[in-house]
Every structure is written in C-alpha cells, then in structure tokens.
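Residues per chain are reported as follows:
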Amino acid sequence: MDVDLQNIVPGCTEVDEADLATDWHLLLAYMKKRHTEKIEGSKSLAQSWRMKDRMKTVSVALVLCLNVGVDPPDVVKTTPCARLECWIDPLSMSPQKALETIGANVQKQYENWQPRARYKQSLDPTVDEVKKLCTSLRRNAKEERVLFHYNGHGVPRPTVNGEIWVFNKNYTQYIPLSIYDLQTWMGSPSIFVYDCSNAGIIVKSFKQFALQREQELEVAAINPNHPLAQMPLPPSMKNCIQLAACEANELLPMNPDLPADLFTSCLTTPIKIALRWFCMQKSATLVPGVTLDLIEKIPGRLNDRRTPLGELNWIFTAITDTIAWNVLPRDLFQKLFRQDLLVASLFRNFLLAERIMRSYNCTPVSSPRLPPTYMHAMWQAWDLAVDICLSQLPTIIEEGTAFRHSPFFAEQLTAFQVWLTMGVENRNPPEQLPIVLQVLLSQVHRLRALDLLGRFLDLGPWAVSLALSVGIFPYVLKLLQSSARELRPLLVFIWAKILAVDSSCQADLVKDNGHKYFLSVLADPYMPAEHRTMTAFILAVIVNSYNIGQEACLQGNLIAICLEQLNDPHPLLRQWVAICLGRIWQNFDAARWCGVRDSAHEKLYSLLTDAVPEVRCSAVFALGTFVGNSAERTDHSTTIDHNVAMMLAQLINDGSPIVRKELVVALSHLVVQYESNFCTVALQFMEEEKNYPLPSPASITEAGCLTPVRDAPSTPRLRSVSSYGNIRAATTARNLNKSLQNLSLSEETGGSITFSPGNLSTSSSASSTLGSPDNDEYILSFETIDKMRRVSSYSSLNSLIGKFGLQHLLQSSQGVSFNSVYTQIWRVLLHLAADPFPEVSDLAMKVLNNIAYKATVNARPQRILDTSSLTQSAPASPTNKGTHIHQVGGSPPTPSASSSSLTNGVTKPSVRETSSNRPANVGNIAIQYTPHSHQFSRTRKMFDRGPDQTADDGDDGVTHRNFISATLQTGFCDWSAKYFAQPVMKMPEEHDSESQVRKEREWRFLRNALVRKLSHRIVQKGVTRLDDQILINRNPGVPSVVRFHPYSPYIAVADKDSICFWDWEKAEKLDYFHNGNPRYTRITAMEYLNGHDCSLLLSATDDGAIRVWKNFADLEKNPEMVTAWQGLSDMLPTTRGLTRRVSIYLDRSKQGGAGMVVDWEQETGLLMTSGDVRIIRIWDTDREMKVQDIPTGADSCVTSLSCDSQRSLIAAGLGDGSVRVYDRRMAPSECRVMTYREHNAWVVKAYLQKGQDGNIVSVSVNGDVCFFDPRMPESVKTLQLVKGLTALDIHPRASLFACGSMNQFIAVYNSNGDLISNIKYYDGFMGQRIGAISCLAFHPYLPHLAVGSNDYYMSIYSAEKRVR
C-alpha cells in the first residue's frame, strides 16, 4: 500500500492542526553543530591587511624653477593670466624675495601633511645642485621614501627624450636634466610630483628608463662578465610613485581666477582650492552672500574637527578615502592609501585635483594609474557638505552665531545601517565603510558607529577582512584605552570578531596593554554573560601558544578570574573559561603552579560531569594541558598528575565522541610525561596477552558450523572505508580484495592451520600477501589491542577509581612507582582504542603504538629492571636495527621473546642478530606473520624510517618524546572559535519562514500528518488479513533486525555487521554499508531517531556499542557516522563468549543472550538500553551522558524494553520469563514497581502501550500472550499463539501480533487471538517455502509487516493489494 502524497494532498486541509503541531514540538537528537560539522578550525584567510612594509617619507626635495619675471620661450601666456604660486603673487615683490617666499610657503604647505620630514629647497637650481640635493637626501633616507617636487613654470616644457629643464649658473641658459640621471640620484622608493605643462611626457620617459634599468639588471645577473656587470648596479624603480599635473599633450590652465600652480594647490591646500572652485561654479549663486574674500575668513583650524574648517577637512578626508576604497583594487588601495601617511594624503588630494583640473580640460596623471574618480557619486555629498557650511558663513562672521555641525556623518551612518538591514547576502560591500572608520574619531557618533561596525563584522570572516583592509585596526586598538563603560560590550564584540578571523593580533594587543582591558571586563560581574564569554575567548586567543601573552595574563590574575566563573550558568562561558585556563598553562609551568595553588584542577573536576558536552570537552582539554607540562617533576606534581589522570579516566564511557577524543589527547600528555613507566606497563601487557589463552569470540567455531566465508576477512573496523567516508564504494563487493579471499579460503580449508584462541597463526603465503611493502602498519594491531583489553577485562574498567585490579601484573618489574595508575591509564587507552567512533580509536591507537614501539625497540632481551633505560635508545649499530613491519616479504623474521602471538607487528630483531644476543627460547610460535593489515587505514607508518633507511637511532628518545603531543590534537578549540567568526545575530535558517530548510520541514511534517491520518482510517476500518506480499528481495546478508521508517517508504535491514536500505515502494536497494562493529559482534537492535524530521539511524551491537548514522538512503551522499559510544560497558562475558549465529534451531535462551536491546523516546530524547546486563541504562542524547542506571533485580538478561514518556514507566521482558515494570522517577532501590512471573520461558517481546490507560502486552517464546494493567498484580487477559517463536512484533496501533516460527511460517493474529493470516510460501518463485524466520517488524503506522529469514530473503506483507 503506497503512501503517495500526491493522492492525499488534495485532502490536506483535513489535516488536524493540532496533529501538525506535535512534530514541531518534538526534540531533535544529534542535530547540533558538533554532530553536523567536522570538528576542525576554519581555514584561515590569508590576511593582506597588515602592511608588510609600512613606510615613511623622511626627506622632501623642493625644486622650484620659476625664474620670476622671465617667461620660458615655448609657452605663450594669456593676458590676464594665472599668476599665484603658493597663493603668493610673485610680481608683488622683488624676484629674489618672491622666490624665497614661495619656497618657504611650499614647504609649509607640505609640512601640514608630514611635519616630521626633512625638507630641502632648491630654488632655480643647476644640474649639479639638483644632483647634490638628491644624492644627499637618498643617503640620509636609507631605505625610506624620498619626495621630489618639481615646479617647472619658469623653464621650457619637458622633452620627448625624457629631460626636464634647470638653469646654468648665470641664468643665461636652460640646461636639460635627464630623468634617467634623476632616477639614479633619487633611487627607490621615491615619489615624484611634476607641476608643469606636458608633465605626462616625464611619466612616460620615466617608465621607459625604468624598464631599461630592469633589463640591464637582468643582463648583469645572467652574465657576470658583461660590461654592465662591472658597473655599479642601477637602483630598481619598481617602488616609485609619480604624480603629474597633466597629460603629455596638455598645457596647464591659465584662468586668472586660479593659482598658476593649481596642481600643487590641490595636493597641498585641498580645502582652500576646493572652496574657491566651488564659488566659481554656477551653482554657487544658490548660496547668497558667499564671495572669494569671505572664504579666506572661514574660521577654525584644519586639525580641529569642532570648527568649520576642521570639519570640512574631516569630511573631505572621509569622502576621498571612501572614493578610493570603492574604486581602487584592494592591493593598490593598501599601497597608496595605507602604507605611508604623506603618500596617502597626496593621493586623496590627487582625487580632488583630477576633479578640478578636468573641469579645465586638464587630466592629471599618476603612476600607478588610477581609474577615473571625478564623476563618483560621493562628490555630490561633498558639494552638499560645502554648501551647508558656506551658507552659514555670512551669519557666523557678521553676527557671530554658533556653527551648526554637518549632518554628513549621521547621514552616512544611516546609509550604512540601511545597507545592513535591507541587503542580501551576496552583494557589493557597503561603500560607507571608510566613513564609519572616520566616525570612530568622533565622540558624538562613536557609539552608533561601533554598533553598526559590530553588526557588519558579524556578517562573517569576509566582512572582518574588509574592515581590516580599510584600516580599522589601529582605531579599535586605540579605543581600548577608553574607560567608557558603554563602549565595553561593543568593543568586546568587535575584538572577538577580529580575533576569530585573525589571531595574529594577539601580539598587538599585548604590546598595547589591550589584554588589561579584557581582564577587567571578564572580572566585571555586571557584564552580561555573552560579553564575558567573548572576553574569555579573546583572552584565550591572547594566551594561545604565545608566551608573552601567557606571562602578561598570568600577571593580570587571569587564572583566578577564570576559576571564579567556572560554574557560571551560561554554558558557552564555562566552555571558554576552561579553554582559556587550558591555554594559559599550556607549556607554561609558572601558570600551572599558580593553578595548583588555586586548586584549579579540582575546581575543573566539576565540569567533567557538565550537562553540555562541549563544556566537558573543554574541561578535559584544560586538565590535559595541566598535566602536559614538561618542567621538572616533583612528588607533589606527580601526585597531582595521577589524581587528574584518574579523574579523567572516569570519562572513558562518556556519550560524546568529542569528549573521548579530547580524553585520548589529555592522557597522551600524561603518557609523554611518564613514558618509561608506560613502556614497562606496555611490555607487561604484551607478555600477559601472549601467555593468556583468552577464548576469542571471533575464533570459536563449533563443530560442523564454520563461519561463512565472507565473515573470515570481515574486519573489526572496515578500514578500507576512510572514517566511513566512502562506505558504499568499499563494501558493495563484500570480498574486499583477492588476497583477503585467499586468506579466508586458506583458513577454512587448510587442515593444518589451527584457528585457535591463543595462537591466531596463518600461512606464510597469507602473510606475504598482506605484508606487501606498501602496507603501512601499526605495531599493535587492532586484534592485539582488543585482546589485551579483554585480558584486562571490562569489569575492572568500570570500577576504575579506587579499585585497582591487575596489580600482580607488575610485581616483577621494579622501578615503576604508582603501578596502579599507569596500569589503569594503559587499560583506559586500550579501551579507547576499541572505541566504536573511528576518530577516537585512531587517536588511541597512535598513543598505544608510540609506546609499544619504544618499549620493544628499547627493550633488552632480559626482564626489564632498569626503567630508566626505556627512554634511552640502544646504541646505534647496524645489528640492532629492528626490522620494520613492512620488510616482511615472503620470509617472515623469527619472533623474539618480547613479542607475542598477537603482537604481530611489534618490531622484531633481524635474523642475523638472533644467534648472538638473544635467548634460545624464542617462543613456541611456528610462523610469525604480519598484522591484519587490511584492518587499518593507509596512514603513514607512525614510527618508522622506512625499510632502507639507516639513519642513526640515537635521537629516538628525543624525537619521539614530542611526537604524540605534536601530532595529537582534536581541533576542538579551533572549532569552538569558529562560533565567533560566524554570524551570531543572524536568524537561524530553521526559524526563517521563507528559508528552504523551513519549507522542507513543513513538507515533512505535512507528510507525517497525512501518514498518521491514513493509519487512523485503516485502524478504524479494521485489518482482516495481512498476507499480500508487496516486496521480496534477497538481502546481502542474513537479516537480523528490520525496521520500517515511520513516514518514508524506506526499510532498514541489518545483518551481522552491515545495514541495507530498501525503498519498499519501488523495490529498489538504496544503500548498503558496513556498521563498523568488530567481527565477533553483531547488530541486535536498530531505531530511527528524529523519524519525523531529519532521520538518523541508531544501531546497537551486542558488545554494548551504539552507532548513529546519517545520509543513509541518500543517493547523493555517503552514509556518515554522526556519533558512537559504548552504551553498555559490562556486557556479561558469560554470554558474550558464546557463538553469535542467528540460529533458529536453538532455543533463544541458549543462544548467546539477548545482545543489546534499546528503546527510544523522541519526546524526551532519552534512550533506554539494556541486554546481557543486570541494569537498564538511560542515556540523555541531548547531554550525551548517562542519566540513570536502574538495577533490573534479576539474574537474567533483558530481552525487550518498552517505555512510555507520559507515565515515566519502563516495561522490560527478561530471559527468565519475568516482566518487570520500573518507574524511572524513583530512587534506584525503589524504582521496580511491579514484577509479573506468569511466563515460564524467555520473553520475546514486552510492549507498553502509550497513554494513561495503556497496558503491557508480553509474549514468551512458548507463544503465551499476557495483557497486564501496570496497576494490577496479575494479568487482565491471556491468549495462546503458536509455539516455538523466533521473532514476534506487536503493531502499536492496529492490535495485531505477528509471529515468526522456527518451523518456517509466519502467523498473524488479532487482539482476540484469532489467526488472520498464515504465510508459508513466497509469492512467485514457484511457491518456494519461506526460510526460518530470523526477524520481523510491523510498520509503526501502516498495516505492513517486514520479515527476514535465514535464506537471506526479506519480504514485506500488507493488508491490501498493492496498486501497481
């Protein structure tokens, strides 16, 4: 029966609104950022805002060739003509005095822009004087910039040969001066200003000469014997800037109302000339009473922003900066407008020169060339500002009225605000950004400007990069000196945004004492928690791997301030305070001891049980760096380290993989500190593991029932799948590769090869196929570690703290104190190496293998007595190099005494060494073989120099000591920092009613409501038969669990270690992927989480591990593991050791226990887990931690769980036939509220109906059904179904029972016990008899029944004929 939305949608108006609302209120499990994102920092953008070569113009040459009173021969002047030079009429005084006054004036005008430079005037000079001037200025300036200002109004125009003119000594001749020579004298970097007609010619010639120089330099570099190479090398002209008054074919304007040196006036007195020019325009008549004379009287000083003149200057700066930023390419803007103060001023003023001079048909030229800016819209804003200012002038001057400030900045901020509120994501940056920068200078607008700036930076890293490129950094750095409290939240926000994108600013902050500002904010209890969080983040960046920052913050009492806030109600603050602590004492012993004095580690312990996984993770990080300090060890510090280690060890079964990953790294710090002790422990464990004949569940095979061929190479963790990234590709063909097939066949057929528990050996041919040279291997294989882990037994792990088991292991090895701690931590690492989450186990494998490597390479053949020798390498000689794993080839080396049957890769001595210095008893192993290489990813060999390398081993102790800490990191802190780089003010997509995410959810919830409606209709009508086969397909493995998706037409079918997805409407296989459980375990339960929305699939295996998957049944993406954890740690070994076959010939109770059973409660986000244990463990998926252990009070396994969130009840069916009811609100000793003992055999299913009056329905393997009212001590109704059940399910809505029998049939009964369908044969297939039933399940809503049988077939039956 299809659920076709199209058919039902017309009636969608009938969907009950209340029913739709239920889905919106349901919790979503495992959908937080830590589950959906990769835990890594953001890719750092290359920050180009920092000027690598900030420069100063230190010297200025002012060369004026005016020859007052004598006009040059090639210029015909108009009458009247422009006469003013530097606002002085040269004819109003004697020529010599005029020349000197003009020289003094031009210097003053430049000094306004760069008062500290060294100025030298050269008035009407000769060639020699210019040469002497230029060379001396260059000599003094060294690498800094020199400015050459040339006024050629009294000499002929420049020549096409690239010459300008000066005078001879007697002023009787004009003498040409080659630009080539000028370049040589001036050197680089330089800036040239040419104020003369046809100035563009000079720019062209300059470029040609510069090119010629480059070629000469290249020739000299290629051929040292070339004559050019013998001469002194000419300086490169790459860093030279030129500003010319006009193009090559243009004359300067001669309008008598303008100064003769209009270009110089624009560059050095921009406001004065801009106002004059404004008055000369026709539009000036709109401002009555303003004359050129009045402009001269405009009050104020240029550098006082409160006066009219100062305000105009400020507005002018903002506008020209804005035009440049919007028009120029970013790198050019940085070079011209941010690198050098004088250059920036000249270029801002050059934009004005272009506007004014173009109105007189003159085009100023620059090199580098700028795009035209004279028509930019911002000039209109300038005209308006000038208009408003000048219109007040007559009354200010005549009547002395107060000056009204310009609304320019307020209006520009409003424009910026409009951009922020109205804009879309992908668009051009706001053109007002440079103005916002200018406004920060003004106290009036500062608060608003900072607020808008913060909102802009919140748009993402690109916005931060833009703001930094505009030049915001020095402004916000300076503002940290402000004591204004109202600025604190804004500055904290802005700095958090900057540091999240560019952490290199930490140095600038410390240099300017900025950290003190943030220390005071963090210590301020009146600051909101969000702002203190950002402050903690800022300080965490300041101390991150930066010793000066750590010192400064330690002095500023950071540790005490942080410790006070560890238990703040705000989780993000707790997280960052802990990270901040972890970073301040990372490799900084003074801070660690300060922490010890404040009992910092003990205060951090409380966070290890925090409700938020990220907070637990940050606490583990902080404690990890706390023990990871490499300074001298004292007894006191060792005791502290041990205490911290044992506290951390309690997190071994934390529900969150990010916490366990951080735990491995934290413990690895400890391992590095106490390496020799851990080497001893490692050797002991290897010895013990070799001698301990532990029956491996994987290897026990009962007579007559060999494991199927495809299971033999099946791996504990399917490593050909890189972190499960490409599972589909890797596992479709189940046979992995040819060598593995050969291996499995040789194991099964070769009679001489024993597959025994203690000694897993294989043929040498198998080892040679697996040990091929490109197999990069670990020293300890997964098998070894897993066996070691099981030797040391699970149960001791659970009672880690205080109860130290396996003490006897180390009795023989003196020299290791506190054996128990190192043994326990080793055990914890062994446990983590078998973690169901691949990233956790990979990290733990690295740590274990690092120690195993050192232990075996450094170990002597006799018993280890001297532990100090463990960190020393053996002397470097050709005979004691260990043969590395991938040298095995066809002839494996002989094993040594320290190796073990399962330590199949611990470095062995080379064959020639055995005779000389090894004991004769080399163990009883016939053939040594390489590890199961196909179980691991192809990571590079961790501690191996490669087969041919003969480098000295002497430095191993040093190089490997830092190996772990250098490579082991989780990226958690960097990932956490990403939060501050991303928008925090933006509405999340799921809350935006127009977003695609929201629309998709609405569609899903509508679909759900329709499915529920359809289900209700069918249940009301009643189901009279259920035997129409709507799907049959052969599954890749024997089905062990089947689960219908509640709303989509998908079904998940699990076999022993893989999961297959089918679309039952289209009869298509959608996906098949490996679950990742070790080969001796099987999947025993599956649940859909968030079935109503973004579905995840939870699988539980009988070793107690739980894995959660996403992207299953997605044709575009591969399945990905969202999370995994050890749901139950003490699966009882009595049942665990038995064979794991889904056999229908055995009674369930003899069949290796119930495995793991789970029940999921979507309303509360709680997961109930039990199975071959004596407890029911409840996990909170939101907190990712265990919230309750309910003792079952029985001596048998739990076979079925069912819960009801409304009543907080849990019903459990047990292997001894009892049905027990627990109220989880009560104390563990009192929570069992009812026990029913009416069944006398294994309970196959106990189902607690939902709602206040729901009964418990339970069925045993003998087919007897009991209905219990939880309030009554006895059953209210009983039925008898068919005997010999292997599988059973109860339909949650339609009151149907489906029974699968060992006798190869399915019986479906209604609630009265009437048989409504009996299915024995498949449709089609010539009526083939169905196989023994291995599992079955009803659809949660529709009358569909899925059945898996031992003949690999999976079939689905429905109540109605399928509409084809």
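Residues numbered from 1 in each chain as written. Predicted model: local features only at pLDDT ≥ 70, side-chain atom pairs only at ≥ 80, totals over all residues. Heavy atoms only, no water.

Turning our eyes to something else, we now look at the overall build of the protein. When helices and strands are counted, the protein shows 46 helices and 38 strands. The burial tally for the protein puts 60% of its 1364 residues in the buried class. Across the protein, every contact between residues at least 6 apart in sequence was considered, and the portion connecting residues at least 24 apart equals 68%. If you sum the accessible surface of the protein, you get close to 54500 Å²; carbon and sulfur atoms cover 53% of it. (Helix = DSSP H or I, 4+ residues; strand = E, 2+ residues; numbered from the N terminus. Buried < 20%, exposed > 50% of the residue type's maximum accessible area, 1.4 Å probe, protein only. Contact = heavy atoms within 4.5 Å. Areas by Shrake-Rupley, 256 points an atom, 1.4 Å probe, with all protein chains shown as cover.)

The sheet built from four strands is open, its strands ordered 24-25-26-27 with antiparallel pairing. Of all strands in the sheet, those with a lone pairing partner are strand 24 (1198-1204) and strand 27 (1232-1236), marking the two edges. Neighbour-to-neighbour, the strand axes of the sheet open up by a mean angle of 15°, direction not taken into account. Relative to strand 27, strand 26 (residues 1219-1223) runs antiparallel, the two being bridged by four bridges. Bridge pairing in strand 27 places Val1221 opposite Met1234. (Pairing = 2+ DSSP bridges. Axes fitted to C-alpha atoms, helices over the stretch in contact; angles between N-to-C directions.)

Right, let's get into helix 31 (residues 635-649). Helix length check: helix 31, at 15 residues, gives a terminal C-alpha distance of 21 Å against a target of 21 Å (1.5 Å per residue), a fit within 8%. Residues Ser637, Thr638, Ile640, Asp641, His642, Val644, Ala645, Met646, Leu648 and Ala649 constitute the buried set of helix 31. (Expected span 1.5 Å × (residues − 1).)

Take Arg827: it is sitting in helix 39 (residues 819-833). Using a relative accessible area of 1% as the deciding quantity, one classes Arg827 as buried. Sequence-wise, Arg827 and Ala649 are 178 residues apart; in three dimensions their C-alpha atoms are separated by 9.6 Å. A polar side-chain atom of Arg827 sits 3.0 Å from a polar atom in the side chain of Gln824. (Polar contact = N/O pair within 3.5 Å; in protein donor to acceptor, adjacent residues only side chain to side chain.)

A few words now on the pattern of salt bridges. One pass over the full model with this rule turns up 44 salt bridges. Its salt-bridge partner being Asp304, residue Arg306 comes within 3.4 Å of it at the nearest N-O pair. Look at Arg306 and you get exposed, because its relative accessible area is 65%. For Asp304, a relative accessible area of 13% gives the class buried. We note a salt bridge from Glu354 to Arg358, for which the minimum N-O separation is 3.2 Å. Of the two residues, Glu354 and Arg358 both sit in helix 14 (residues 341-358), four residues apart, roughly one turn of that helix. Residue Glu354 is classed as buried on the basis of its relative accessible area of 6%. (Salt bridge = Lys/Arg side-chain N within 4 Å of Asp/Glu carboxyl O.)

With that settled, the discussion passes to unusual backbone geometry. The peptide bond linking Thr79 to Pro80 adopts the cis configuration, its omega dihedral lying at -10°. Positionally, Pro80 belongs in the loop between strand 1 (57-64) and helix 4 (95-111). Cis geometry is found at the peptide bond from Ser188 to Pro189, where omega equals 0°. Mapped onto the secondary structure, Pro189 falls in the loop between helix 6 (179-186) and strand 6 (190-195). At Asn361, a position not held by glycine, the phi torsion is positive, near 60°.

As a further point, take the packing of aromatic side chains. All chains considered together, the criterion is met by 40 aromatic pairs. Between the aromatic rings of Phe473 and Trp495, the centroid separation amounts to 5.4 Å while the plane-to-plane angle is 75°, which identifies the pairing as edge-to-face. Linking Phe473 in helix 20 (residues 473-479) with Trp495 in helix 21 (residues 488-501), this pair joins segments that are 22 residues apart in sequence. Relative accessible area serves as the criterion here: at 5%, Phe473 is assigned to the buried category. (Phe/Tyr/Trp six-rings, centres within 6.5 Å; stacked < 30°, edge-to-face > 60°.)

What follows deals with the packing of helix 10 (residues 270-280) against helix 14. Each pair of packed helices gets described by two things: the angle between the helix axes and the distance between those axes. Their axes nearest at 11 Å, the elements helix 10 and helix 14 cross at an angle of 20°. Viewed along their axes, helix 10 and helix 14 adopt a mutual orientation that is roughly parallel. When the axes of helix 10 and helix 14 are compared, the crossing they make is left-handed. Contact residues: helix 10 offers Pro270, Ile273, Ala274 and Trp277, while helix 14 offers Asn349, Leu352, Arg355 and Ile356. Taken together, the residues of the contact of helix 10 with helix 14 sort by class into six nonpolar, one polar and one charged. (Parallel < 35°, antiparallel > 145°, perpendicular 65-115°, else oblique. Left-handed = near helix turned anticlockwise from the far one by under 90°. Nonpolar A, V, L, I, M, F, W, Y, C, P; charged D, E, K, R; others polar.)

A large share of strand 4 (residues 163-167) lies buried, amounting to four of its five residues. Note that strand 4 and strand 5 (residues 174-178) share five bridges and pair antiparallel. Looking at strand 5, one finds that Phe167 is bridged to Tyr174. If you look at the hairpin formed by strand 4 and strand 5, you'll find six residues sitting between the two strands, and Tyr171 has a positive phi there, around 55°.

This brings us to helix 32 (residues 657-673). For helix 32, spanning 17 residues, the distance from its first C-alpha to its last is 25 Å, which sits close to the expected 24 Å at 1.5 Å a residue. With 17 of 17 residues buried, helix 32 lies mostly within the body of the structure.

A few words on the state of the cysteines. Evaluation of the coordinates by the stated rule reveals zero disulfides. With no disulfide partner, Cys65 has as its closest neighbouring cysteine sulfur the one in Cys196, 9.5 Å distant. Its relative accessible area of 0% is what places Cys65 among the buried residues. (Disulfide = S-S within 2.5 Å.)

On to a negative patch on the surface, then. A surface patch of like charges, here negative, comprises Glu989, Glu990, Asp992 and Glu994. Of the residues examined, Glu990 reaches a relative accessible area of 35% and is grouped as partly exposed. (Patch = residues over 30% accessible without salt bridge, like charges linked within 9 Å, V, L, I, M, F, W, Y side chains within 5 Å. Lys, Arg positive; Asp, Glu negative; His and termini not counted. Charge placed at Lys NZ, Arg CZ, Asp CG, Glu CD.)

With antiparallel pairing, the four strands of this open sheet are ordered in space as 11-38-37-36. Strand pairing shows two members of the sheet lacking a second neighbour, strand 11 (1028-1034) and strand 36 (1333-1338), which therefore form its edges. Taken pair by pair, the neighbouring strands of this sheet meet at an average axis angle of 15°, ignoring direction. One ladder, built from five bridges, connects strand 37 (residues 1344-1349) with strand 38 (residues 1353-1358); its direction is antiparallel. For Val1347, the partnering residue across the bridge sits in strand 38 and is Ser1355.

Along strand 20 (residues 1156-1161), six of the six residues are buried, which leaves the element largely enclosed by surrounding structure. The alternating pattern of strand 20 places Met1156, Val1158 and Trp1160 on one face and Val1157, Asp1159 and Glu1161 on the opposite face, and all of these are buried. The sheet contact formed by strand 20 and strand 21 (residues 1166-1171) spans six bridges and is antiparallel. Each residue of the ladder has a partner; that of Glu1161, found in strand 21, is Leu1166. Taken together, strand 20 and the strand that follows it, strand 21, pair antiparallel across an intervening segment of four residues, in which Gly1165 is found at a positive phi of about 70°.

On average, residues of the protein score 81 in pLDDT, and 79% of them are at 70 or above. Note on residues 1-13: pLDDT is under 50 here. Beyond four places in sequence and across chains, it has 19 contacts. Counting contacts from residues 794-818, a segment whose pLDDT is below 50, to residues more than four positions away or on other chains yields 56 contacts. (pLDDT = per-residue confidence, 0-100.)

Turning our eyes to something else, we now look at the packing of helix 12 (residues 308-327) against helix 13 (residues 330-337). As a packed pair, helix 12 and helix 13 sit with axes 8 Å apart at the nearest point and diverge in direction by 145°. Seen from helix 12, the contacting residues are Asp321, Ala324 and Trp325; seen from helix 13, they are Arg330, Phe333 and Phe337.

The next thing to look at is the side chain of Arg488. Mapping Arg488 onto the fold places it in helix 21. A polar contact is formed between the side chain of Arg488 and the side chain of Ser520, at a distance of 3.3 Å. Filtering out sequence-adjacent residues up to four positions away, Arg488 remains in contact with Tyr517, Ser520, Val521, Asp524 and Met527.

Relative to the helices and strands, Trp1179 is located in strand 22 (residues 1175-1180). Separated by twelve residues in sequence, Trp1179 and Leu1167 have C-alpha atoms that sit 5.1 Å apart. If we skip the residues at most four places from it in the chain, Trp1179 touches Asn653, Gly655, Trp1125, Gln1126, Gly1127, Gly1165, Leu1166, Leu1167, Thr1169, Met1185, Lys1186 and Val1187. A distance of 3.0 Å separates the side chain of Trp1179 from the backbone oxygen of Gly1127, its partner in a polar contact.

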